[in-house]
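# Chain and residue survey
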Amino acid sequence: MRIALFCHSLVSDWNHGNAHFLRGVVRELLARGHRVRVFEPRDGWSRTNLVTQHGLAPLQEFRKTFPELRSTLYDVETLDVAAAIDGADLVLVHEWNDPDLVARLGRARRSGRFRLLFHDTHHRSATQPEEMARYDLRDYDGVLAYGEVIRQLYLERGWASRSWTWHEAADTTIFRPHEGERRAGDIVWIGNWGDGERTRQLHDFLLRPALELGASGSIFGVRYPTSARQAIGRTGLAYRGWVAIHRAPLIFAQHSVTVHVPRRPYVESLPGIPTIRPFEALACGIPLVSAPWDDCEGLFRVGDDYLLARNGREMTAALRDVLSDAELAAHLVRHGRETILARHTCAHRVDELLAVCAELGLEEAPLSPRRAAATS
């Protein structure tokens, strides 16, 4: 198929956790012989902040790491939508796009033969419904929602007539275990501070347990206020700033355990959505201990794939157990990666996407024997 993807950014993951999944899906589609064009705004905040703070080196590293991935920069005011989607069979529109562009793509669908899908990977449908109501999806064929609860919200509020659950997943060609790395610490956490959505939880489930255990380790991410950096400084952990997410597998391999601290909306309003971080950790083969979230969709196996801590005291105990019990750590590593490989890779999600396309009457052309052999 010929596919056009409009997303906030493919090349930058600065405060943009969806970049991993979007890259993985595009890579999988390309590997299967589909033609994918990616469009991202020239002034997108993720790319702009990345270049402002780190220069052009991260973009050069991206091109070296993902030589098959390319994106076309555009200005929303001057983008020729008809030219951008000319010949496309499928157009995917990620939710971090300008509402005007979303509407223009919808109007193009009225006279086009392509299929048009909106892709939602955020909590705004529950926490900021007035924001999501700005998106005119009347002419869209449906919505890909990264959790069942969000899928239902789109239908209940009349934002879309059709919706499918499409969870994020791991690109296991990048996110995989690395053996033999030099140990750099006990605990590692990769994530952004979070706009006040998990400040107390980060203290209760990460900083205080690390302090009580006397654990060493590292914290990576952006938008950490001075108070957060000072709090980290009172523990045995070190704040190390932004890191390109494709480097995470090596970082995980240098530490003994990682922690998942969901943002408050996912705990209170959006059960069943773990966000991308557990997929990344389990794919890389590092033991994971999570703060509370409701896995009501049965994505993982608590106690086998990861440990769940209901409060800070339980988090401290669980981290101590993993750090001191090699058999327990190995059990979590083995079962966590097993679940990812069986159910939660970008290849699985592309299978699901193609099933949606077939439901919409859009069939992919068979691969030539040469291309099929190359991608099998």
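Everything below is about the structure shown above.
All of the points below concern the structure found in this document. (Residues numbered from 1 in each chain as written. Predicted model: local features only at pLDDT ≥ 70, side-chain atom pairs only at ≥ 80, totals over all residues. Heavy atoms only, no water.)

Another point: the side chain of His335. Considering the arrangement of structural elements, one finds His335 in helix 15 (residues 326-343). Apart from residues no more than four positions distant in its own chain, His335 is found in contact with Arg301, Asp304 and Asp305. (Helix = DSSP H or I, 4+ residues; strand = E, 2+ residues; numbered from the N terminus. Contact = heavy atoms within 4.5 Å.)

Helix length check: helix 5 (residues 99-110), at 12 residues, gives a terminal C-alpha distance of 17 Å against a target of 16 Å (1.5 Å per residue), a fit within 8%. Taken together, the buried positions of helix 5 are Pro99, Leu101, Val102, Ala103, Arg104, Leu105, Gly106 and Arg109. Along its buried surface, helix 5 packs onto strand 1 (2-6), strand 3 (72-74), helix 4 (81-84), strand 4 (90-94) and strand 5 (115-120). Where helix 5 starts, the residue carrying a side-chain oxygen 2.8 Å from the main-chain nitrogen of Asp100 turns out to be Asp98. (Expected span 1.5 Å × (residues − 1). Buried < 20%, exposed > 50% of the residue type's maximum accessible area, 1.4 Å probe, protein only. Polar contact = N/O pair within 3.5 Å; in protein donor to acceptor, adjacent residues only side chain to side chain.)

Counting across every chain of the model gives 24 salt bridges. Residues Glu131 and Arg134 are paired through a salt bridge, measuring 3.3 Å at the closest nitrogen-oxygen approach. Overall, Glu131 belongs to the partly exposed group, its relative accessible area being 26%. Of the charged contacts, one joins Glu280 and Arg277 as a salt bridge, the two residues approaching to 3.0 Å between their closest N and O atoms. Of this pair, Glu280 and Arg277 both sit in helix 13 (residues 276-284), 3 residues apart, which is roughly one turn of the helix. Judged by relative accessible area, Glu280 falls into the buried class, the value being 2%. (Salt bridge = Lys/Arg side-chain N within 4 Å of Asp/Glu carboxyl O.)

Turning to the packing of helix 14 (residues 312-324) against helix 15, a few remarks are in order. Relative to each other, helix 14 and helix 15 sit at 100°, their axes nearing to 5 Å. It follows from the interaxial angle that helix 14 and helix 15 lie roughly perpendicular. Contact with helix 14, carried on its side by Asp321, Val322 and Ser324, involves Ala326, Leu328, Ala329 and Leu332 of helix 15 and no other residues of that element. Tallied by class, residues from the contact of helix 14 with helix 15 come to 5 nonpolar, 1 polar and 1 charged. (Axes fitted to C-alpha atoms, helices over the stretch in contact; angles between N-to-C directions. Parallel < 35°, antiparallel > 145°, perpendicular 65-115°, else oblique. Nonpolar A, V, L, I, M, F, W, Y, C, P; charged D, E, K, R; others polar.)

Here the focus is unusual backbone geometry. Positive phi is not limited to glycine here, since Arg223 has a value of about 60°. Along the chain, Arg223 turns up in the loop between strand 9 (217-220) and helix 10 (226-233). Residue Arg223 is classed as partly exposed on the basis of its relative accessible area of 43%. A positive phi angle, near 65°, is found at Thr275, a position not held by glycine. You can see Thr275 is positioned in the loop between helix 12 (264-268) and helix 13.

Turning our eyes to something else, we now look at the sheet that holds strand 10 (residues 237-239). Across the sheet, 6 strands lie side by side as 10-9-8-11-12-13; this open sheet has parallel pairing. Strand pairing shows two members of the sheet lacking a second neighbour, strand 10 and strand 13 (307-308), which therefore form its edges. Both strand 11 (residues 255-260) and strand 12 (residues 288-290) contribute to a ladder of 3 bridges, which runs parallel. In the strand pairing of strand 12, Thr258 is matched with Leu288. (Pairing = 2+ DSSP bridges.)

The next point concerns the nonpolar core. By size, the foremost hydrophobic cluster in this structure holds 60 residues, and its most contacted members are Leu90, Leu117 and Leu353. Residue contacts for Leu90: discarding those within four places in its chain leaves Met1, Arg2, Ile3, Ala4, Phe114, Arg115, Leu117, Leu353, Cys357 and Leu362. Phe6, Val102, Ala145 and Tyr266 belong to the second largest nonpolar core, which has 32 residues in total. (Core = buried A, V, L, I, M, F, W, Y, C linked by side-chain atoms within 4.5 Å.)

Attention shifts here to the pairing of strand 4. With 5 of its 5 residues buried, strand 4 lies for the most part within the structure. Of the two faces of strand 4, the one carrying Leu90, Leu92 and His94 and the one carrying Val91 and Val93 are both buried. Relative to strand 4, strand 1 runs parallel, the two being bridged by 4 bridges. Counterpart to Leu5 in the pairing with strand 4 is Leu92. In this structure, strand 4 lies alongside strand 5, joined through 5 bridges in parallel fashion. Within strand 5, the residue paired with Val91 across the bridge is Leu116. Read from strand 4 through helix 5 to strand 5, the crossover connection turns out right-handed. (Right-handed = clockwise from strand over helix to strand, strands pointing away.)

Strand pairing within a sheet occurs via backbone hydrogen bonds; the two strands may be parallel or antiparallel. The sheet built from 7 strands is open, its strands ordered 3-2-1-4-5-6-7 with parallel pairing. Single-partner strands in this sheet number two, and they are strand 3 and strand 7 (163-165). Direction aside, the axes of adjacent strands within the sheet are offset by 25° on average. Pairing of strand 1 with strand 2 (residues 35-41), which is carried by 5 bridges, proceeds in the parallel orientation. In the sheet register, Arg2 faces strand 2, and the bridge partner there is Arg35. Contacting strand 1, strand 3, strand 4 and strand 5, helix 5 runs over the sheet at an angle of about 155° to strand 5.

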